[in-house]
Amino acid sequence: MRVHWAQNAVEHLVNIYEHIALNFPTYAKGMVDRITRRSEQIADQPLSGRKVPEYEAEDIRELIEKPYRIIYRTKADQIDEVAVIHGARLLPEDI
């Protein structure tokens, strides 16, 4: 199945990279690589992520790539990566 990264999620990745790279540029690249590789798992197994407890929706799921939560929405023809949020942060009310 096709995985589409929403602009919001791409911006989250850029912000994660820039924040970590201030002190650890090599680790920043590795962290972003780990997060993006997880989308391959989602493409092969869209329901492998757990339902997001904060949302009461079957189609909103997440994978954990510590310390980040990769939030995605499943659709009939594709998967939308909608956010990458640090596990210590609160999720927005709607995605």
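**Points about the sheet that holds strand β2 (residues 50-51)**
Here we have 5 strands laid out as an open sheet, ordered β1-β5-β4-β3-β2, and mixed in their pairing. Edge positions in the sheet fall to β1 (2-5) and β2, since each of these pairs with one other strand and no more. Relative to strand β5 (residues 78-86), β1 runs parallel, the two sharing 4 bridges. Considered in β5, the bridge of Arg 2 is made with Gln 78. Across the sheet, helix α1 (residues 7-21) lies against β1, β4 (68-74) and β5, angled at about 35° from β5, the strand it touches most.

**Topic: α1**
Helical geometry note: an α-helix holds 3.6 residues per turn, so side chains three or four residues apart project in the same direction. Between its first and last C-alpha atoms α1 spans 21 Å; for 15 residues at 1.5 Å apiece the expected length is 21 Å, and the two agree. Of all the positions in α1, only Ala 9, His 12, Leu 13, Ile 16 and Ile 20 are classed as buried. The buried residues of α1 all sit within an arc of 100° when viewed along its axis, so they share a single face. Looking at the buried residues of α1, the elements they touch are β1, α2 (25-44), β4 and β5.

**Quick look at the pairing of β4**
Among the 7 residues that make up β4, 6 are buried, leaving the element largely enclosed by the rest of the structure. Across 6 bridges, the pairing between strand β3 (residues 60-65) and β4 is antiparallel. Across the sheet, residue Leu 63 finds its bridge partner in β4, namely Ile 70. Pairing of β4 with β5, which is carried by 7 bridges, proceeds in the antiparallel orientation. In the sheet register, Arg 69 faces β5, and the bridge partner there is Ile 85.

**Brief notes about the nonpolar core**
If you look at the biggest cluster of nonpolar residues, it comprises 10 residues: Leu 13, Ile 16, Ile 20, Ala 28, Met 31, Val 32, Ile 35, Tyr 68, Ile 70 and Val 84. Of all the elements in the fold, those that place two or more residues in this core are α1, α2 and β4. At 4 residues, the largest contribution of residues to this core is made by α2. If near-sequence neighbours (up to four positions away) are discounted, Tyr 68 is found in contact with Ile 16, Ile 20, Met 31, Ile 35, Leu 63, Val 84, Ile 85, His 86 and Gly 87.

**Some thoughts on the confidence of the model for the chain**
Considering every residue of the chain, the mean pLDDT works out to 93; 100% of them sit at 70 or more. α2 is the least confidently modelled element of the chain, averaging 92 in pLDDT, while α1 averages 97, the highest of any element.

The rules behind these values
Each chain carries its own residue numbering, running from 1 in the written order of its sequence. For this predicted model, a pLDDT threshold of at least 70 governs which residues receive local features, and a threshold of 80 or more governs which side-chain atom pairs are given and counted, while totals over whole chains, interfaces and linings are taken from all residues. Derived side-chain values reflect all non-hydrogen atoms in the structure, with water molecules and hydrogen atoms excluded from consideration. Strand pairing is assigned whenever DSSP identifies at least 2 bridges connecting the two strands. To qualify as a helix, a DSSP run of H or I must reach at least 4 residues; to qualify as a strand, a run of E must reach at least 2; elements of each kind are numbered from the N terminus. Two residues form a contact once any of their heavy atoms are found within 4.5 Å. Helix axes are fitted to C-alpha atoms over the stretch in contact, other axes to C-alpha atoms as well, and angles between N-to-C directions run from 0 to 180 degrees. The span expected for a helix works out to 1.5 Å for each residue beyond the first. Only protein chains enter the accessibility calculation, which uses a 1.4 Å probe. A residue is then buried if its area is under 20% of the maximum for its type, exposed if over 50%, and partly exposed in between. The directions considered for the arc are those from the helix axis to the C-beta atoms. Nine residue types can take part in a nonpolar core, namely buried Ala, Val, Leu, Ile, Met, Phe, Trp, Tyr and Cys, and a core is a set of them joined through side-chain atoms within 4.5 Å. pLDDT expresses, on a scale from 0 to 100, how confident the predictor is about each individual residue.

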